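# Structural overview
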Amino acid sequence: MALIVQKFGGTSVGSIERIEQVADKVKKHREAGDDLVVVLSAMSGETNRLIDLAKQITDQPVPRELDVIVSTGEQVTIALLAMALIKRGVPAVSYTGNQVRILTDSSHNKARILQIDDQKIRADLKAGRVVVVAGFQGVDEHGSITTLGRGGSDTTGVALAAALKADECQIYTDVDGVYTTDPRVVPQARRLEKITFEEMLEMASLGSKVLQIRSVEFAGKYNVPLRVLHSFKEGPGTLITIDEEESMEQPIISGIAFNRDEAKLTIRGVPDTPGVAFKILGPISASNIEVDMIVQNVSHDNTTDFTFTVHRNEYEKAHAVLENTAREIGAREVSGDINIAKVSIVGVGMRSHAGVASRMFEALAKESINIQMISTSEIKVSVVIEEKYLELAVRALHTAFELDAPARQGE
């Protein structure tokens, strides 16, 4: 008998019909002999609806009170699923984050989990019940309801799996696994049977939307085997694990991630003196703007050009900060570009294969795609290119690294 934590997202519980389908799936697993803890999100669109209600009262809702209102979405779905299971003859009980005692810090709207009291859950499992837990929420030391931020239900599922030492945490979503890249861009993309935490973390941080970064970090830290599965289609999904199988079959590259939400800023003619990077990026950081890629060039006249990327939503704010910095330090000019995108190749196989970056650059050169910035780590290479070439670049790289699924007979 295995202990499985199953998490179902908002689309999976988006209607009564779908909640009934989830109940059928949970019953099937229970009848196979598994102990089950089920974590649910709110119905798709419900959290946005609740936030909109709050903003009809005030543009700046008090964070504590906002947590009180948005946490009700999951309370609805857990009670409905528990009812659906009981109707099917499956003993079940639902708990909010407060009732389970998922203890968090007091950072409302973006709390972090500190501790989970697993005694109540273990007692219910021992009594033969399926335990249904509200995702996305917890309680702080003062008894106030807290929420974990967007995608927090994934983190709840992984955290419960870690606390209970579950055999597996299964994330049910609207895709049937992790693919080599987005199948909407590359129809030949393949579902991966297995991927490492390290690779998944890079893919998530670089634009892959299958899993939230925090949940992957949590799973890697506590070595919780994660499996991504489709809510309503049978299949093995993709297993995310700590193992790096050393075999001749392991591909160099596991996947290609991309992100359209990038913007680039350049400050030119900066005096090339010690501490200049901090003078430029310090005010950006102080404005709570996250910087991604950075390139610095030294010119012949003892000045430097400094380029970095930010999220496109932060572009205007960052540009204003940089203009102010340019005046203060005597830089020549500030320029920017919002029509860029980032493309990244990811794979632990890079560690044992030379020439991966040059192979990437060659594939892009063959398509006459200019590379504006480059960033590398041990298992990834990222480039910034013009956004209009994004899909062409992804398809070219997918083919160059032999990730295309083999054509079926007759195609």
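Below is a summary of the structure that appears in this document.

Criteria and thresholds
- Residues numbered from 1 in each chain as written.
- Predicted model: local features only at pLDDT ≥ 70, side-chain atom pairs only at ≥ 80, totals over all residues.
- Heavy atoms only, no water.
- Salt bridge = Lys/Arg side-chain N within 4 Å of Asp/Glu carboxyl O.
- Helix = DSSP H or I, 4+ residues; strand = E, 2+ residues; numbered from the N terminus.
- Buried < 20%, exposed > 50% of the residue type's maximum accessible area, 1.4 Å probe, protein only.
- Pairing = 2+ DSSP bridges.
- Axes fitted to C-alpha atoms, helices over the stretch in contact; angles between N-to-C directions.
- Contact = heavy atoms within 4.5 Å.
- Core = buried A, V, L, I, M, F, W, Y, C linked by side-chain atoms within 4.5 Å.
- Parallel < 35°, antiparallel > 145°, perpendicular 65-115°, else oblique.
- Left-handed = near helix turned anticlockwise from the far one by under 90°.
- Nonpolar A, V, L, I, M, F, W, Y, C, P; charged D, E, K, R; others polar.

A complete count under the given rule lists 21 salt bridges for this structure. A salt bridge links Asp-154 to Lys-7, with the shortest nitrogen-to-oxygen separation between them at 2.8 Å. Placement of Asp-154 in helix H7 (residues 152-164) and of Lys-7 in strand E1 (residues 3-8) is noted, with a sequence separation of 147 residues between them. Per residue, the accessibility class of Asp-154 equals that of Lys-7, and both read buried. For Glu-20, the salt bridge is made with Arg-88, and the minimal N-O distance between the two is 2.7 Å. Of the two residues, Glu-20 sits in helix H1 (residues 16-31) while Arg-88 sits in the loop between helix H4 (72-87) and strand E3 (92-95), which places them 68 residues apart along the sequence. According to the relative accessible area criterion, Glu-20 is partly exposed, its value standing at 23%. The exposure class of Arg-88 is buried, given its relative accessible area of 19%. In the salt-bridge network here, residues are joined through shared partners; they are Glu-20, Asp-24, Lys-87 and Arg-88.

The subject of this paragraph is unusual backbone geometry. In this structure, Arg-101 is a non-glycine residue whose phi angle is positive, near 75 degrees. Arg-101 sits in the partly exposed class, given a relative accessible area of 35%. The phi angle at Asn-288 is positive, at roughly 60 degrees, despite the residue not being glycine. Relative to the assigned elements, Asn-288 resides in the loop between helix H10 (276-286) and strand E14 (291-298).

This brings us to helix H13 (residues 390-400). Within the sequence span of H13, burial applies to Leu-390, Ala-393, Val-394, Ala-396, Leu-397 and His-398. Note on H13: the residue one or two positions beyond its end, Glu-402, has a positive phi of about 55 degrees.

A few words on the sheet that holds strand E15 (residues 303-311). Spatial ordering of the open sheet is given by E14-E15-E13-E16-E18-E17, a layout of six strands whose pairing is antiparallel. A strand with exactly one partner marks an edge of an open sheet, and here the two such strands are E14 and strand E17 (373-377). Averaged over neighbouring strand pairs, the angle between their axes works out to 25 degrees when direction is ignored. Relative to strand E18 (residues 380-386), E17 runs antiparallel, the two being bridged by five bridges. Of the residues in E18, the one forming a bridge with Thr-376 is Val-381. This element, helix H12 (residues 356-366), spans strand E16 (333-346), E17 and E18 of the sheet and lies at about 20 degrees to E18.

So, about the sheet that holds strand E9 (residues 168-173). With respect to topology, eight strands assemble into an open sheet ordered E3-E6-E2-E1-E9-E11-E12-E10, the strand pairing being mixed. Each edge of the sheet is formed by a strand with only one pairing partner; in this case those strands are E3 and strand E10 (194-196). Pairs of neighbouring strands in the sheet enclose a mean axial angle of 20 degrees, with direction left out of account.

A general trend in soluble globular proteins is that nonpolar side chains are found buried together. Grouped together as the largest cluster of nonpolar side chains are 43 residues, with contacts concentrated most on Val-37, Ile-121, Val-133 and Leu-226. Those residues in contact with Val-37, other than ones at most four positions away along the chain, are Leu-3, Ile-4, Val-5, Gln-6, Ile-121, Leu-125, Val-131, Val-133, Leu-160 and Leu-164. The next biggest cluster of nonpolar side chains, apart from the first, holds 24 residues, and it includes Val-356, Val-383, Ile-385 and Ala-393.

We now examine the packing of H1 against H4. Closest axis-to-axis distance for the H1/H4 pair is 9 Å, and the angle between their directions is 55 degrees. When the axes of H1 and H4 are compared, the pair comes out oblique. The chirality of how H1 crosses H4 is right-handed. In this structure, H1 contributes Ile-16, Ile-19, Glu-20, Val-22, Ala-23, Val-26 and Lys-27 to the contact, and H4 contributes Leu-80, Leu-81, Ala-84, Leu-85 and Lys-87.

In this section: the packing of helix H3 (residues 63-70) against H4. The packing of two helices is summarised by the inter-axis angle and the distance between the axes. Two elements in contact, H3 and H4, have axes separated by 5 Å at closest approach and are oriented at 20 degrees. Here H3 is positioned roughly parallel relative to H4, judged by the angle of their axes. Contacts from Val-68, Ile-69 and Val-70 of H3 reach H4 at Thr-72, Gly-73 and Glu-74. The residue inventory of the contact of H3 with H4, partitioned by class, reads three nonpolar, two polar and one charged.

A word on the pairing of strand E12 (residues 238-241). Residues Thr-238 and Ile-240 point to one face of E12 and Leu-239 and Thr-241 to the other, with burial holding for every one of them. Pairing geometry for E10 and E12, over three bridges, is parallel. Note that in E12 the partner of Thr-196 across the bridge is Thr-241. Bridge analysis of strand E11 (residues 226-230) against E12 gives three bridges, and the strand direction is antiparallel. By the bridge assignment for E12, Val-228 is matched with Thr-238.

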